[in-house]
Amino acid sequence: MKQKAGVFLAILMLLASIFPFVSAQAEETDPIYERIQQSGELVVGLSADYGPYEFHAEVDGKDTIVGFDVSIAEKIAEDMGVKLKVEELGFDALLGALKTGKIDMVISGMSITEERLQEVDFSDPYYIVQQKVLVRKDDADKFSSTADFNGVPVGAQKQTTQEELAKTEMAGSEVTSLQKVPDLINNLINQKIDAVVLEEPIAEAYVQQSDNVAIAPVEFEQGEKVTAIAISKNTPVLKEHVNESIAEINDNNLLDGYLSDANELMFQEDQSFFQKYLPYYVSGAKYTILLAFVGVLFGMIVGSILALMKLSKNKILRFLSIAYIEYVRGTPLLVQIFIVYFGTGVLGLDLSKLLAGCIAVSLNSGAYVAEIVRAGINAVNKGQTEAARSLGMNQKEAMRYIVFPQAIKNILPALGNEFVTIIKESSVVSVIGVSELIFQTGVVQGASFKPFLPYVIVSLIYFVMTFCISRLLGLAERRLGVND
(Lines give C-alpha, C1' and ligand atoms only; values in the text may rest on other atoms or scores of the structure.)
Protein backbone atom coordinates (compact mmCIF):
# COMPACT_ATOMS: atom_id res chain seq x y z
CA MET A 1 0.00 0.00 0.00
CA LYS A 2 1.17 3.49 -0.72
CA GLN A 3 2.21 5.74 2.14
CA LYS A 4 -0.25 7.97 3.95
CA ALA A 5 -0.24 11.74 3.53
CA GLY A 6 -0.64 12.66 7.20
CA VAL A 7 1.99 15.41 7.26
CA PHE A 8 0.56 17.11 4.22
CA LEU A 9 -3.00 16.79 5.47
CA ALA A 10 -1.84 18.69 8.55
CA ILE A 11 -0.50 21.43 6.28
CA LEU A 12 -3.78 21.47 4.38
CA MET A 13 -5.80 21.74 7.60
CA LEU A 14 -3.63 24.69 8.65
CA LEU A 15 -4.30 26.37 5.31
CA ALA A 16 -8.01 25.73 5.64
CA SER A 17 -7.99 27.40 9.05
CA ILE A 18 -6.40 30.50 7.54
CA PHE A 19 -8.38 30.55 4.29
CA PRO A 20 -11.75 28.86 4.91
CA PHE A 21 -12.73 26.58 2.07
CA VAL A 22 -16.47 26.52 1.39
CA SER A 23 -17.63 22.99 0.62
CA ALA A 24 -21.00 21.43 -0.05
CA GLN A 25 -22.96 21.34 3.17
CA ALA A 26 -26.48 20.37 2.21
CA GLU A 27 -27.03 16.64 2.14
CA GLU A 28 -29.73 16.88 -0.51
CA THR A 29 -27.50 18.73 -3.00
CA ASP A 30 -24.24 17.69 -4.56
CA PRO A 31 -22.46 20.59 -6.27
CA ILE A 32 -19.45 18.42 -7.20
CA TYR A 33 -21.64 15.99 -9.12
CA GLU A 34 -23.45 18.93 -10.74
CA ARG A 35 -20.09 20.45 -11.72
CA ILE A 36 -19.00 17.16 -13.30
CA GLN A 37 -22.20 16.99 -15.33
CA GLN A 38 -21.97 20.62 -16.41
CA SER A 39 -18.34 20.34 -17.49
CA GLY A 40 -18.84 16.90 -19.03
CA GLU A 41 -15.58 15.81 -17.46
CA LEU A 42 -14.64 13.60 -14.50
CA VAL A 43 -11.23 14.52 -13.09
CA VAL A 44 -9.59 11.55 -11.36
CA GLY A 45 -6.36 11.91 -9.42
CA LEU A 46 -3.78 9.13 -9.21
CA SER A 47 -0.07 8.47 -8.82
CA ALA A 48 1.04 6.54 -11.89
CA ASP A 49 4.04 4.76 -10.40
CA TYR A 50 2.32 1.76 -8.85
CA GLY A 51 1.70 -1.00 -11.35
CA PRO A 52 -0.57 -2.83 -11.89
CA TYR A 53 -2.84 -0.26 -10.20
CA GLU A 54 -1.64 2.63 -12.39
CA PHE A 55 1.50 3.13 -14.43
CA HIS A 56 2.81 4.46 -17.73
CA ALA A 57 2.91 2.27 -20.82
CA GLU A 58 3.11 2.75 -24.57
CA VAL A 59 -0.25 2.25 -26.24
CA ASP A 60 -0.50 2.65 -30.03
CA GLY A 61 2.86 4.41 -30.01
CA LYS A 62 1.79 6.94 -27.36
CA ASP A 63 2.72 7.21 -23.71
CA THR A 64 -0.45 6.48 -21.74
CA ILE A 65 -1.41 6.09 -18.08
CA VAL A 66 -2.93 2.63 -17.74
CA GLY A 67 -3.75 0.07 -15.04
CA PHE A 68 -6.83 -1.47 -13.50
CA ASP A 69 -7.51 1.69 -11.46
CA VAL A 70 -7.65 3.59 -14.76
CA SER A 71 -10.06 1.00 -16.15
CA ILE A 72 -12.28 1.52 -13.11
CA ALA A 73 -12.15 5.28 -13.65
CA GLU A 74 -13.12 4.81 -17.31
CA LYS A 75 -16.07 2.65 -16.26
CA ILE A 76 -17.33 5.25 -13.76
CA ALA A 77 -16.96 8.09 -16.28
CA GLU A 78 -18.80 6.05 -18.91
CA ASP A 79 -21.64 5.25 -16.52
CA MET A 80 -21.93 8.95 -15.64
CA GLY A 81 -21.98 9.93 -19.30
CA VAL A 82 -18.89 12.15 -19.12
CA LYS A 83 -15.30 12.10 -20.36
CA LEU A 84 -12.45 10.97 -18.14
CA LYS A 85 -9.53 13.26 -17.36
CA VAL A 86 -6.61 11.75 -15.45
CA GLU A 87 -4.65 14.14 -13.24
CA GLU A 88 -1.29 12.68 -12.25
CA LEU A 89 0.12 13.78 -8.88
CA GLY A 90 2.46 12.49 -6.23
CA PHE A 91 0.58 10.17 -3.88
CA ASP A 92 1.09 12.56 -0.96
CA ALA A 93 -0.67 15.34 -2.87
CA LEU A 94 -3.81 13.43 -3.84
CA LEU A 95 -5.98 14.04 -0.79
CA GLY A 96 -4.96 17.68 -0.69
CA ALA A 97 -5.94 18.07 -4.34
CA LEU A 98 -9.28 16.41 -3.59
CA LYS A 99 -10.04 18.66 -0.62
CA THR A 100 -9.20 21.83 -2.56
CA GLY A 101 -11.32 20.86 -5.56
CA LYS A 102 -8.52 20.29 -8.05
CA ILE A 103 -9.75 16.73 -8.66
CA ASP A 104 -13.15 15.05 -8.25
CA MET A 105 -11.99 11.74 -6.77
CA VAL A 106 -8.92 9.63 -6.01
CA ILE A 107 -8.56 6.17 -7.56
CA SER A 108 -5.02 5.16 -6.67
CA GLY A 109 -4.88 1.95 -4.68
CA MET A 110 -5.92 3.89 -1.58
CA SER A 111 -7.04 2.02 1.52
CA ILE A 112 -9.61 3.17 4.04
CA THR A 113 -8.09 4.40 7.30
CA GLU A 114 -9.47 6.26 10.30
CA GLU A 115 -7.16 9.19 9.59
CA ARG A 116 -8.37 9.55 6.02
CA LEU A 117 -12.03 9.15 7.01
CA GLN A 118 -11.71 12.31 9.07
CA GLU A 119 -10.87 14.29 5.93
CA VAL A 120 -12.66 12.55 3.03
CA ASP A 121 -15.32 9.96 2.31
CA PHE A 122 -14.88 6.58 0.64
CA SER A 123 -16.88 4.48 -1.77
CA ASP A 124 -17.69 0.83 -1.31
CA PRO A 125 -14.56 -1.35 -1.62
CA TYR A 126 -13.60 -2.42 -5.13
CA TYR A 127 -10.57 -4.56 -4.31
CA ILE A 128 -9.58 -6.69 -1.34
CA VAL A 129 -5.98 -7.80 -1.33
CA GLN A 130 -3.72 -9.86 0.92
CA GLN A 131 -0.25 -8.86 2.09
CA LYS A 132 2.68 -11.06 1.11
CA VAL A 133 6.35 -11.35 2.00
CA LEU A 134 8.88 -11.05 -0.81
CA VAL A 135 12.29 -12.64 -0.23
CA ARG A 136 15.35 -13.59 -2.26
CA LYS A 137 14.75 -16.78 -4.20
CA ASP A 138 17.41 -18.68 -2.27
CA ASP A 139 15.57 -17.90 0.97
CA ALA A 140 12.11 -18.97 -0.22
CA ASP A 141 12.06 -22.03 2.06
CA LYS A 142 13.67 -20.25 4.98
CA PHE A 143 10.55 -18.35 6.08
CA SER A 144 7.19 -20.05 6.51
CA SER A 145 5.48 -18.00 9.23
CA THR A 146 5.66 -14.61 10.90
CA ALA A 147 7.49 -16.26 13.83
CA ASP A 148 10.55 -16.87 11.62
CA PHE A 149 11.62 -13.21 11.46
CA ASN A 150 13.15 -12.72 14.90
CA GLY A 151 16.25 -10.57 14.34
CA VAL A 152 15.65 -10.52 10.59
CA PRO A 153 15.82 -7.14 8.75
CA VAL A 154 12.46 -6.56 7.08
CA GLY A 155 11.50 -3.71 4.73
CA ALA A 156 8.19 -1.89 4.30
CA GLN A 157 6.87 1.41 3.03
CA LYS A 158 6.62 4.21 5.59
CA GLN A 159 3.31 4.72 7.38
CA THR A 160 1.54 1.86 5.64
CA THR A 161 -0.36 -1.29 6.50
CA GLN A 162 2.76 -3.24 5.56
CA GLU A 163 4.88 -1.32 8.04
CA GLU A 164 2.33 -1.90 10.80
CA LEU A 165 2.19 -5.63 10.04
CA ALA A 166 5.98 -5.90 10.07
CA LYS A 167 6.10 -4.25 13.50
CA THR A 168 3.14 -6.04 15.09
CA GLU A 169 3.01 -9.55 13.60
CA MET A 170 6.62 -10.24 12.57
CA ALA A 171 7.80 -10.41 16.16
CA GLY A 172 11.42 -9.42 16.74
CA SER A 173 12.02 -8.26 13.17
CA GLU A 174 14.24 -5.26 12.48
CA VAL A 175 12.00 -3.04 10.37
CA THR A 176 13.49 -0.72 7.76
CA SER A 177 10.93 1.80 6.48
CA LEU A 178 11.47 3.51 3.13
CA GLN A 179 9.21 5.63 0.95
CA LYS A 180 9.35 3.75 -2.37
CA VAL A 181 8.87 0.09 -3.19
CA PRO A 182 11.71 0.01 -5.80
CA ASP A 183 14.12 1.19 -3.10
CA LEU A 184 12.97 -1.66 -0.86
CA ILE A 185 13.49 -4.16 -3.69
CA ASN A 186 16.95 -2.75 -4.32
CA ASN A 187 17.81 -3.27 -0.65
CA LEU A 188 16.45 -6.81 -0.79
CA ILE A 189 18.44 -7.81 -3.88
CA ASN A 190 21.61 -6.25 -2.45
CA GLN A 191 21.12 -8.13 0.85
CA LYS A 192 20.60 -5.03 2.97
CA ILE A 193 17.32 -6.57 4.15
CA ASP A 194 16.03 -10.15 3.95
CA ALA A 195 12.32 -9.60 3.29
CA VAL A 196 9.83 -7.00 2.07
CA VAL A 197 6.13 -6.85 2.97
CA LEU A 198 4.08 -6.02 -0.15
CA GLU A 199 0.59 -6.24 -1.54
CA GLU A 200 0.04 -9.50 -3.39
CA PRO A 201 -0.28 -8.07 -6.95
CA ILE A 202 2.85 -5.96 -6.49
CA ALA A 203 4.81 -8.92 -5.12
CA GLU A 204 3.63 -11.13 -7.99
CA ALA A 205 4.65 -8.50 -10.52
CA TYR A 206 8.21 -8.41 -9.14
CA VAL A 207 8.38 -12.21 -9.15
CA GLN A 208 7.27 -12.24 -12.78
CA GLN A 209 9.85 -9.59 -13.67
CA SER A 210 12.86 -10.91 -11.74
CA ASP A 211 14.37 -14.37 -11.24
CA ASN A 212 16.05 -13.22 -8.03
CA VAL A 213 12.97 -12.95 -5.81
CA ALA A 214 10.13 -15.18 -4.63
CA ILE A 215 7.05 -15.01 -2.39
CA ALA A 216 7.48 -16.75 0.95
CA PRO A 217 4.51 -18.84 2.25
CA VAL A 218 3.87 -16.43 5.13
CA GLU A 219 0.33 -15.54 6.18
CA PHE A 220 -0.70 -12.55 8.30
CA GLU A 221 -3.60 -12.55 10.74
CA GLN A 222 -4.53 -8.97 9.78
CA GLY A 223 -3.16 -9.09 6.25
CA GLU A 224 -6.33 -8.17 4.40
CA LYS A 225 -6.49 -4.67 2.90
CA VAL A 226 -9.62 -2.97 1.57
CA THR A 227 -9.14 -0.57 -1.36
CA ALA A 228 -11.74 2.07 -2.23
CA ILE A 229 -12.26 5.37 -4.04
CA ALA A 230 -11.78 8.60 -2.09
CA ILE A 231 -14.34 11.37 -2.66
CA SER A 232 -15.16 14.62 -0.91
CA LYS A 233 -17.49 14.60 2.07
CA ASN A 234 -21.13 15.56 1.60
CA THR A 235 -21.32 14.29 -1.98
CA PRO A 236 -24.23 11.81 -1.75
CA VAL A 237 -25.17 11.81 -5.43
CA LEU A 238 -21.60 11.31 -6.64
CA LYS A 239 -21.06 8.56 -4.07
CA GLU A 240 -24.23 6.80 -5.16
CA HIS A 241 -23.16 6.78 -8.83
CA VAL A 242 -19.66 5.57 -7.92
CA ASN A 243 -21.04 2.75 -5.77
CA GLU A 244 -23.40 1.69 -8.58
CA SER A 245 -20.43 1.35 -10.95
CA ILE A 246 -18.42 -0.57 -8.36
CA ALA A 247 -21.34 -2.92 -7.75
CA GLU A 248 -21.53 -3.68 -11.47
CA ILE A 249 -17.76 -4.24 -11.61
CA ASN A 250 -17.91 -6.65 -8.68
CA ASP A 251 -21.07 -8.45 -9.79
CA ASN A 252 -19.73 -9.10 -13.29
CA ASN A 253 -16.12 -9.83 -12.22
CA LEU A 254 -14.89 -7.06 -14.49
CA LEU A 255 -11.88 -6.46 -12.27
CA ASP A 256 -10.31 -9.76 -13.36
CA GLY A 257 -10.29 -8.54 -16.95
CA TYR A 258 -8.94 -5.11 -15.92
CA LEU A 259 -6.12 -6.77 -13.98
CA SER A 260 -5.29 -9.11 -16.87
CA ASP A 261 -5.08 -6.18 -19.29
CA ALA A 262 -2.84 -4.27 -16.89
CA ASN A 263 -0.45 -7.20 -16.48
CA GLU A 264 -0.10 -7.56 -20.25
CA LEU A 265 0.82 -3.89 -20.60
CA MET A 266 3.27 -4.06 -17.70
CA PHE A 267 5.54 -6.59 -19.35
CA GLN A 268 5.87 -5.42 -22.94
CA GLU A 269 9.25 -6.58 -24.24
CA ASP A 270 9.16 -5.10 -27.73
CA GLN A 271 11.81 -2.46 -26.98
CA SER A 272 15.05 -2.15 -25.05
CA PHE A 273 15.09 -0.19 -21.78
CA PHE A 274 16.64 2.91 -23.34
CA GLN A 275 14.39 2.86 -26.40
CA LYS A 276 11.36 2.57 -24.18
CA TYR A 277 12.19 5.05 -21.43
CA LEU A 278 14.58 7.60 -22.98
CA PRO A 279 11.66 9.92 -23.94
CA TYR A 280 10.69 10.11 -20.25
CA TYR A 281 14.16 11.38 -19.32
CA VAL A 282 14.23 13.86 -22.22
CA SER A 283 10.85 15.25 -21.20
CA GLY A 284 11.88 15.43 -17.55
CA ALA A 285 15.12 17.25 -18.41
CA LYS A 286 13.16 19.88 -20.36
CA TYR A 287 10.89 20.58 -17.41
CA THR A 288 13.83 20.66 -14.99
CA ILE A 289 15.71 23.23 -17.08
CA LEU A 290 12.52 25.26 -17.52
CA LEU A 291 11.91 25.31 -13.76
CA ALA A 292 15.51 26.34 -13.08
CA PHE A 293 15.47 29.08 -15.74
CA VAL A 294 12.16 30.53 -14.58
CA GLY A 295 13.21 30.22 -10.94
CA VAL A 296 16.45 32.15 -11.42
CA LEU A 297 14.93 34.73 -13.79
CA PHE A 298 12.02 35.68 -11.57
CA GLY A 299 14.09 34.98 -8.47
CA MET A 300 16.49 37.65 -9.72
CA ILE A 301 13.63 40.12 -10.13
CA VAL A 302 12.13 39.34 -6.71
CA GLY A 303 15.57 39.20 -5.10
CA SER A 304 16.62 42.58 -6.52
CA ILE A 305 13.46 44.21 -5.18
CA LEU A 306 13.96 42.60 -1.77
CA ALA A 307 17.62 43.63 -1.71
CA LEU A 308 16.75 47.26 -2.44
CA MET A 309 14.03 47.13 0.22
CA LYS A 310 16.54 45.76 2.75
CA LEU A 311 19.00 48.53 1.88
CA SER A 312 16.29 51.18 2.05
CA LYS A 313 16.18 53.77 4.82
CA ASN A 314 12.46 53.08 5.21
CA LYS A 315 12.00 50.89 8.29
CA ILE A 316 8.77 49.32 7.04
CA LEU A 317 10.35 48.23 3.75
CA ARG A 318 13.38 46.85 5.61
CA PHE A 319 11.14 44.94 8.01
CA LEU A 320 9.04 43.42 5.21
CA SER A 321 12.13 42.38 3.29
CA ILE A 322 13.83 40.83 6.31
CA ALA A 323 10.64 39.03 7.38
CA TYR A 324 10.16 37.53 3.91
CA ILE A 325 13.77 36.45 3.53
CA GLU A 326 13.95 34.87 6.97
CA TYR A 327 10.62 33.07 6.57
CA VAL A 328 11.44 31.60 3.16
CA ARG A 329 14.97 30.59 4.12
CA GLY A 330 13.67 29.13 7.37
CA THR A 331 11.04 26.84 5.84
CA PRO A 332 11.48 23.84 3.50
CA LEU A 333 10.84 24.32 -0.21
CA LEU A 334 8.49 21.33 -0.04
CA VAL A 335 6.19 23.15 2.39
CA GLN A 336 6.28 26.28 0.23
CA ILE A 337 5.25 24.26 -2.82
CA PHE A 338 2.26 22.82 -0.98
CA ILE A 339 1.27 26.27 0.30
CA VAL A 340 1.35 27.74 -3.23
CA TYR A 341 -0.39 24.80 -4.91
CA PHE A 342 -3.07 24.13 -2.31
CA GLY A 343 -3.24 27.63 -0.84
CA THR A 344 -4.13 29.17 -4.18
CA GLY A 345 -6.79 26.48 -4.60
CA VAL A 346 -8.25 27.39 -1.22
CA LEU A 347 -8.38 31.01 -2.41
CA GLY A 348 -10.24 29.97 -5.55
CA LEU A 349 -7.29 30.24 -7.96
CA ASP A 350 -6.92 27.22 -10.21
CA LEU A 351 -3.18 27.18 -10.93
CA SER A 352 -1.69 24.42 -13.03
CA LYS A 353 0.90 22.16 -11.43
CA LEU A 354 3.69 23.61 -13.56
CA LEU A 355 2.73 27.22 -12.84
CA ALA A 356 2.46 26.54 -9.11
CA GLY A 357 5.87 24.88 -9.19
CA CYS A 358 7.43 27.80 -11.07
CA ILE A 359 5.94 30.32 -8.63
CA ALA A 360 7.12 28.39 -5.56
CA VAL A 361 10.64 27.93 -6.92
CA SER A 362 10.82 31.61 -7.96
CA LEU A 363 9.66 32.86 -4.57
CA ASN A 364 12.10 30.56 -2.83
CA SER A 365 14.99 31.57 -5.06
CA GLY A 366 14.15 35.25 -4.58
CA ALA A 367 14.97 35.07 -0.87
CA TYR A 368 18.44 33.67 -1.56
CA VAL A 369 19.12 35.93 -4.54
CA ALA A 370 18.17 38.94 -2.39
CA GLU A 371 21.15 38.30 -0.13
CA ILE A 372 23.40 37.71 -3.15
CA VAL A 373 22.31 41.00 -4.73
CA ARG A 374 22.62 42.90 -1.45
CA ALA A 375 26.14 41.60 -0.95
CA GLY A 376 27.02 42.53 -4.54
CA ILE A 377 25.73 46.08 -4.08
CA ASN A 378 27.57 46.49 -0.79
CA ALA A 379 30.75 45.28 -2.48
CA VAL A 380 30.72 48.29 -4.82
CA ASN A 381 32.88 51.04 -3.39
CA LYS A 382 30.71 53.79 -1.90
CA GLY A 383 32.93 56.27 -3.66
CA GLN A 384 31.30 55.17 -6.91
CA THR A 385 27.93 56.40 -5.67
CA GLU A 386 29.43 59.65 -4.42
CA ALA A 387 31.12 60.22 -7.76
CA ALA A 388 27.84 59.60 -9.58
CA ARG A 389 26.02 62.05 -7.34
CA SER A 390 28.73 64.66 -7.95
CA LEU A 391 28.06 64.29 -11.68
CA GLY A 392 24.45 65.26 -11.09
CA MET A 393 22.85 61.81 -10.95
CA ASN A 394 20.11 61.17 -8.45
CA GLN A 395 20.01 58.03 -6.26
CA LYS A 396 17.98 56.05 -8.80
CA GLU A 397 20.25 56.94 -11.72
CA ALA A 398 23.39 56.19 -9.73
CA MET A 399 22.05 52.79 -8.80
CA ARG A 400 20.95 52.02 -12.37
CA TYR A 401 23.99 53.20 -14.33
CA ILE A 402 26.89 52.90 -11.87
CA VAL A 403 26.25 50.54 -8.97
CA PHE A 404 24.11 47.80 -10.53
CA PRO A 405 26.36 47.07 -13.55
CA GLN A 406 29.31 46.57 -11.22
CA ALA A 407 27.24 44.58 -8.75
CA ILE A 408 26.14 42.17 -11.51
CA LYS A 409 29.77 41.36 -12.26
CA ASN A 410 30.32 40.69 -8.56
CA ILE A 411 27.31 38.42 -8.14
CA LEU A 412 27.50 36.46 -11.40
CA PRO A 413 29.43 33.50 -9.88
CA ALA A 414 26.95 33.27 -6.99
CA LEU A 415 23.99 33.46 -9.39
CA GLY A 416 25.55 30.63 -11.39
CA ASN A 417 25.71 28.54 -8.24
CA GLU A 418 22.07 29.39 -7.51
CA PHE A 419 21.09 28.21 -10.99
CA VAL A 420 22.88 24.89 -10.47
CA THR A 421 21.31 24.54 -7.02
CA ILE A 422 17.80 25.11 -8.35
CA ILE A 423 18.32 22.48 -11.06
CA LYS A 424 18.79 19.94 -8.27
CA GLU A 425 16.33 21.30 -5.71
CA SER A 426 13.50 21.69 -8.23
CA SER A 427 13.08 17.93 -7.97
CA VAL A 428 10.86 18.61 -4.94
CA VAL A 429 8.04 19.83 -7.22
CA SER A 430 7.58 16.22 -8.33
CA VAL A 431 5.31 15.76 -5.30
CA ILE A 432 2.57 17.84 -6.97
CA GLY A 433 2.98 16.00 -10.27
CA VAL A 434 5.25 18.30 -12.29
CA SER A 435 6.92 15.97 -14.78
CA GLU A 436 10.53 16.94 -14.12
CA LEU A 437 13.43 14.49 -13.92
CA ILE A 438 12.79 12.92 -10.52
CA PHE A 439 9.08 12.53 -11.25
CA GLN A 440 9.85 10.82 -14.56
CA THR A 441 12.42 8.61 -12.84
CA GLY A 442 9.71 7.42 -10.47
CA VAL A 443 7.50 6.71 -13.46
CA VAL A 444 10.26 4.64 -15.07
CA GLN A 445 10.83 2.77 -11.82
CA GLY A 446 7.17 1.92 -11.49
CA ALA A 447 6.80 0.85 -15.12
CA SER A 448 10.06 -1.08 -15.53
CA PHE A 449 10.33 -2.68 -12.05
CA LYS A 450 14.03 -1.80 -12.11
CA PRO A 451 14.82 -0.18 -8.75
CA PHE A 452 18.44 0.90 -9.34
CA LEU A 453 19.12 1.61 -13.03
CA PRO A 454 16.71 4.58 -13.38
CA TYR A 455 18.52 6.47 -10.61
CA VAL A 456 21.93 5.79 -12.13
CA ILE A 457 20.71 7.26 -15.40
CA VAL A 458 19.12 10.33 -13.81
CA SER A 459 22.28 11.01 -11.78
CA LEU A 460 24.29 11.09 -15.00
CA ILE A 461 21.76 13.42 -16.61
CA TYR A 462 21.95 15.81 -13.66
CA PHE A 463 25.74 15.71 -13.79
CA VAL A 464 25.82 16.50 -17.51
CA MET A 465 23.38 19.40 -17.09
CA THR A 466 25.14 20.98 -14.11
CA PHE A 467 28.61 20.44 -15.62
CA CYS A 468 27.63 22.07 -18.93
CA ILE A 469 25.94 24.99 -17.22
CA SER A 470 28.92 25.51 -14.93
CA ARG A 471 31.25 25.63 -17.95
CA LEU A 472 28.98 28.08 -19.78
CA LEU A 473 28.80 30.33 -16.72
CA GLY A 474 32.57 30.17 -16.37
CA LEU A 475 32.88 31.31 -19.99
CA ALA A 476 30.46 34.18 -19.35
CA GLU A 477 32.47 35.23 -16.29
CA ARG A 478 35.69 35.35 -18.31
CA ARG A 479 34.01 37.35 -21.09
CA LEU A 480 32.78 39.89 -18.55
CA GLY A 481 36.12 39.98 -16.83
CA VAL A 482 34.66 39.08 -13.47
CA ASN A 483 38.02 38.08 -12.06
CA ASP A 484 39.91 41.05 -13.55
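Conventions used here
Residues numbered from 1 in each chain as written. Predicted model: local features only at pLDDT ≥ 70, side-chain atom pairs only at ≥ 80, totals over all residues. Heavy atoms only, no water. Helix = DSSP H or I, 4+ residues; strand = E, 2+ residues; numbered from the N terminus. Buried < 20%, exposed > 50% of the residue type's maximum accessible area, 1.4 Å probe, protein only. Contact = heavy atoms within 4.5 Å. Areas by Shrake-Rupley, 256 points an atom, 1.4 Å probe, with all protein chains shown as cover. Lys, Arg positive; Asp, Glu negative; His and termini not counted. Charge placed at Lys NZ, Arg CZ, Asp CG, Glu CD. Pairing = 2+ DSSP bridges. Phe/Tyr/Trp six-rings, centres within 6.5 Å; stacked < 30°, edge-to-face > 60°. Lys NZ or Arg CZ within 6 Å of the ring centre and 35° of its normal. Polar contact = N/O pair within 3.5 Å; in protein donor to acceptor, adjacent residues only side chain to side chain. UniProt positions renumbered as here; feature names shortened; annotations may be inferred. Core = buried A, V, L, I, M, F, W, Y, C linked by side-chain atoms within 4.5 Å.

Account for the overall build of the protein, naming residues and giving values.
Broken down by element type, the protein carries 18 helices and 13 strands. Along the first, second and third principal axes, the C-alpha set of the protein runs to 90 × 60 × 45 Å. Here the protein holds 484 residues, and 51% of them are scored as buried. Across the protein, every contact between residues at least 6 apart in sequence was considered, and the portion connecting residues at least 24 apart equals 77%. Just so you have it, the protein exposes about 22,700 Å², and 55% of that area is on carbon and sulfur atoms. Put simply, the protein has 40 plus and 59 minus side-chain charges, and the middle of one group is 17 Å from the middle of the other.

Tell me about the sheet that holds strand β6 (residues 121-122), residues and numbers included.
Read from one edge of the open sheet, five strands run β4-β1-β5-β13-β6, paired in mixed fashion. Of all strands in the sheet, those bounded by a partner on one side alone are β4 (83-88) and β6. Judged from the two bridges that link them, β6 and strand β13 (residues 230-231) form a sheet pairing that is antiparallel. Its bridge partner lying in β13, Asp121 is registered against Ile231.

How would you explain the environment of Pro125 if you had to name every residue and give the values?
Looking at the element boundaries, Pro125 is found in the loop between β6 and β7 (127-136). Given a relative accessible area of 35%, Pro125 falls into the partly exposed group. Sequence-wise, Pro125 and Val242 are 117 residues apart; in three dimensions their C-alpha atoms are separated by 11 Å. Apart from residues no more than four positions distant in its own chain, Pro125 is found in contact with Val226, Thr227, Ala228, Ile246 and Asn250.

Pulling in residues and values, what's your account of the packing of aromatic side chains?
Two measures describe an aromatic ring pair: the distance that separates the ring centres and the angle between the ring planes. Tallying each qualifying case throughout the model produces eight aromatic pairs. Consider the rings of Phe143 and Phe149, whose centres lie 4.5 Å apart with planes at 10°: the pair is stacked. Between Tyr277 and Tyr280, the aromatic rings sit 5.7 Å apart at their centres with planes inclined by 45°, giving tilted as the arrangement. Taken as a pair, Tyr277 and Tyr280 lie in helix α11 (residues 273-311) at a separation of three residues, close to a single helical turn. A single burial state applies to Tyr277 and to Tyr280, both of which are buried. Grouped by ring-pair contacts, the aromatic residues Tyr53, Phe68 and Tyr127 constitute a single cluster. When the ring centre of Tyr341 is taken as origin, the NZ or CZ atom of Lys102, which lies over that ring, is 4.5 Å away. In this arrangement the basic side chain of Arg471 is found over the ring face of Phe467, its NZ or CZ atom lying 4.8 Å from the centre.

Residue-level account of the side chain of Lys132, with values.
Structurally, the position occupied by Lys132 is in strand β7. Owing to a relative accessible area of 14%, Lys132 belongs among the buried residues under this scheme. For Lys132, the side chain forms a polar contact with the side chain of Glu219, separated by 3.3 Å.

Any chance you could break down the UniProt feature "domain: ABC transmembrane type-1" (unreviewed entry) in the protein for me, citing the residues and the numbers?
UniProt's feature table lists "domain: ABC transmembrane type-1" (unreviewed entry) at residues 285-473, given in the numbering used throughout. Along residues 285-473 the backbone is 83% helical and 0% strand, and the end-to-end C-alpha distance reaches 19 Å.

Run through the nonpolar core, naming residues and quoting values.
Across soluble globular proteins, nonpolar side chains show a tendency to be buried alongside one another. Core analysis: the biggest nonpolar cluster contains 53 residues, and Val106, Met110, Ala230, Tyr277, Tyr281, Ile432 and Leu437 have the highest contact counts within it. Looking at this core, the elements with two or more residues in it are α4 (94-99), α11, α13 (333-346), α14 (353-379), α16 (395-425), α17 (437-448) and α18 (453-480). With nine residues, α11 is the single largest residue contributor to this core. With near-sequence residues (within four places) excluded, Tyr277 lies in contact with Val444, Ala447 and Ser448. Counting residues in each nonpolar core, the second largest holds 46 residues, with Ala73, Ile76, Leu188 and Met266 among its members.

I'd like to hear about the environment of Gly366, residue by residue, with values.
Relative to the assigned elements, Gly366 resides in helix α14. Note: C-alpha distance between Gly366 and Gln209 (157 residues apart in sequence) is 46 Å. Excluding anything up to four places from it in sequence, Gly366 contacts Gly299, Val302, Gly303 and Leu306.

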